[in-house]
Amino acid sequence: MNAGTDQAAVVGPADRREPLPAGRPVLSKILGAVGVVLLIVGAVFAVRPVHLDREDCGSVFSPARGVTPMQCDDRLGSRGDLVTGFGAGGVALLVSAFAITAVRDRRTRVKR
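Given the structure is predicted, the values throughout are model-derived calculations rather than measurements. (Residues numbered from 1 in each chain as written. Predicted model: local features only at pLDDT ≥ 70, side-chain atom pairs only at ≥ 80, totals over all residues. Heavy atoms only, no water.)

A.B. asks: I'd like a description of the environment of Pro-63, backed by residues and values.
C.D. replies: Its place among the elements puts Pro-63 in the loop between strand E2 (55–58) and helix H3 (71–111). Residue classification places Pro-63 among the partly exposed positions, given a relative accessible area of 42%. With 14 residues separating them in the primary sequence, Pro-63 and Pro-49 have C-alpha atoms 8.4 Å apart. Among residues more than four places away in sequence, those in contact with Pro-63 are Cys-57, Gly-58 and Leu-76. (Helix = DSSP H or I, 4+ residues; strand = E, 2+ residues; numbered from the N terminus. Buried < 20%, exposed > 50% of the residue type's maximum accessible area, 1.4 Å probe, protein only. Contact = heavy atoms within 4.5 Å.)

Structure representation (structure tokens):
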């Protein structure tokens, strides 16, 4: 750049910004994907049967019918806690992904 040249003419006006590329909400996609994975893991834990010393305890959604050992209650209870945790975490991440997307869309509409 030579001395005395107008920098705005070379670089361009300072208030001219290129808009952010639409369709690239990376954070919301990551949160949504992790939320879906957590929901799938919770569903797998819910339908997978629990076994205790060759005794079928059933699964969280359908415990074994008939008389089962009392140890099955503890195992099914802890498995139910896992299912609840994974499900709640997945739903929370999905809701936050939708919220981030909605806020981003709203901010884009308001600025233009």
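A.B. asks: I'd like to hear about the packing of aromatic side chains, residue by residue, with values.
C.D. replies: A full pass over the atoms with the stated rule returns 1 aromatic pair. When the centroid spacing of 5.7 Å and the interplanar angle of 25° are considered together, the rings of Phe-45 and Phe-86 count as stacked. You can see Phe-45 sitting in helix H2 (residues 26–47) and its partner Phe-86 sitting in helix H3, a full 41 residues away along the chain. Note on Phe-45: relative accessible area 23%, which makes it partly exposed. (Phe/Tyr/Trp six-rings, centres within 6.5 Å; stacked < 30°, edge-to-face > 60°.)

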